[in-house]
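# Examining the three-dimensional arrangement
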Amino acid sequence: MPNRMKEFRGMSDDQLSLALKETEKHLFQLRFQSATDRLETPSEIRKARRDIARIRTLQREKELAKLGGLPAEQLATRIVSLQKKEADGLPGKRIAHRQVARLKRFYVAKGGTLPVAPPAAPAPVAVPAAAAKPEAKNDSAPNKKSAPKGSGK
């Protein structure tokens with residue numbers, strides 16, 4: 001196992017991402033073989049999952065090393081841009097929220113003070129004129145079911 005980790009440590013970022021894709025594809029094939037009872041060595045699934053975990057761990061280590069080397073000003077600009085993305089409510093806002101939380105920890109460790117910048121309020125969404133009109137209620141049709149006639153209640 002340590003030999004495998006040494007191999008991964010010697011790879012560049014692009015090579016790691018390529019190895020991750022290949023390993024995930026291999027894991028998918030192994031799962032498919034397992035479902036159709038054609039898998040010869042079930043331990044291959046465990047090995048593939050562990051390789052994926054190793055690669056992701058190395059990618060995260062490299063990412064943390066890069067963030068640790070950034071000055072506080074650059075961290076602040078990244079935080080502000082991610083907060084804006086989060087406030088806009090576009091897809092990916094949960095990921096942006098998590099990234100903001102992580103970057104804030106680095107920012108505080110570098111000596112920055114929070115809050116960096118308050119996120120801008122999202123712009124009001126324009127409502128079409130047809131949807132803005134309140135619907136007329138039809139009072140003649142009861143909303144609740146009544147007891148059947150002749151039931152005595």
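Residues numbered from 1 in each chain as written. Predicted model: local features only at pLDDT ≥ 70, side-chain atom pairs only at ≥ 80, totals over all residues. Heavy atoms only, no water.

### Examining the overall build of the protein chain
To keep things clear, this is the line we draw: Helical segments are the DSSP runs of H or I of at least four residues, strand segments are the runs of E of at least two, and each set is numbered from the N terminus. Relative accessibility decides the category of a residue: with a 1.4 Å probe and only protein chains considered, values under 20% of the type maximum give buried, values over 50% give exposed, and everything between is partly exposed. Only the protein chains shown count as covering a residue, and every accessible area follows the Shrake-Rupley method with a 1.4 Å probe.
Along the backbone of the protein chain there are six helices and zero strands. Start at the N end of the protein chain and walk to the C end: the helices and strands fall as α-α-α-α-α-α. The burial tally for the protein chain puts 20% of its 153 residues in the buried class. Total accessible area computed for the protein chain in this model is approximately 12400 Å², and 55% of it derives from carbon and sulfur atoms.

### Some points on the layout of surface pockets
Quick reminder of the rule: Every definition here rests on a 1 Å grid over the protein atoms only: cavities are sets of points where a 1.4 Å probe fits but cannot get out, pockets are open sets enclosed by protein on both sides within 12 Å along at least five of seven lines, and lining residues have some atom within 4 Å of a point. Grid points are joined across faces, edges and corners, and a volume is the space filled by probe spheres set on the points. Lys, Arg, Asp and Glu make up the charged group, whereas Ala, Val, Leu, Ile, Met, Phe, Trp, Tyr, Cys and Pro make up the nonpolar group; the residues left over, Gly among them, are polar.
In this structure, the largest pocket spans a volume of roughly 180 Å³. Considering the residues around the largest pocket, the lining is formed by Arg60, Glu63, Leu67, Arg78, Leu82, Gln99, Arg102 and Leu103. Contributions of two or more residues to the lining of the largest pocket are made by helix H3 (43-69), helix H4 (72-88) and helix H5 (93-109). By residue class, the composition of the lining of the largest pocket is three nonpolar, one polar and four charged.

### Some details on the packing of H4 against H5
Basically, it comes down to this: Here, axes are lines fitted to C-alpha atoms. For helices the fit covers the stretch in contact, and angles between N-to-C directions go from 0 to 180 degrees. Roughly parallel means an angle under 35 degrees; roughly antiparallel means over 145; roughly perpendicular covers 65 to 115; every other angle is labelled oblique. Crossing chirality is assigned from the near helix's rotation relative to the far helix, an anticlockwise turn below a right angle marking it left-handed and a clockwise turn marking it right-handed. In this description, contact between two residues means that some pair of their heavy atoms is separated by no more than 4.5 Å.
At their nearest, the axes of H4 and H5 sit 9 Å apart, and the two run at 155 degrees to each other. Here H4 is positioned roughly antiparallel relative to H5, judged by the angle of their axes. For the pair H4 and H5, the crossing hand works out as left-handed. Counting all contacts with H4, which are made through Ala72, Leu75, Ala76, Arg78, Ile79, Leu82, Gln83, Lys85 and Glu86, the residues of H5 involved are Lys93, Ala96, His97, Gln99, Val100, Leu103, Lys104, Phe106 and Tyr107. Residue classes in the contact of H4 with H5 are distributed as ten nonpolar, three polar and five charged.

That's the geometry; what it means functionally is another story.
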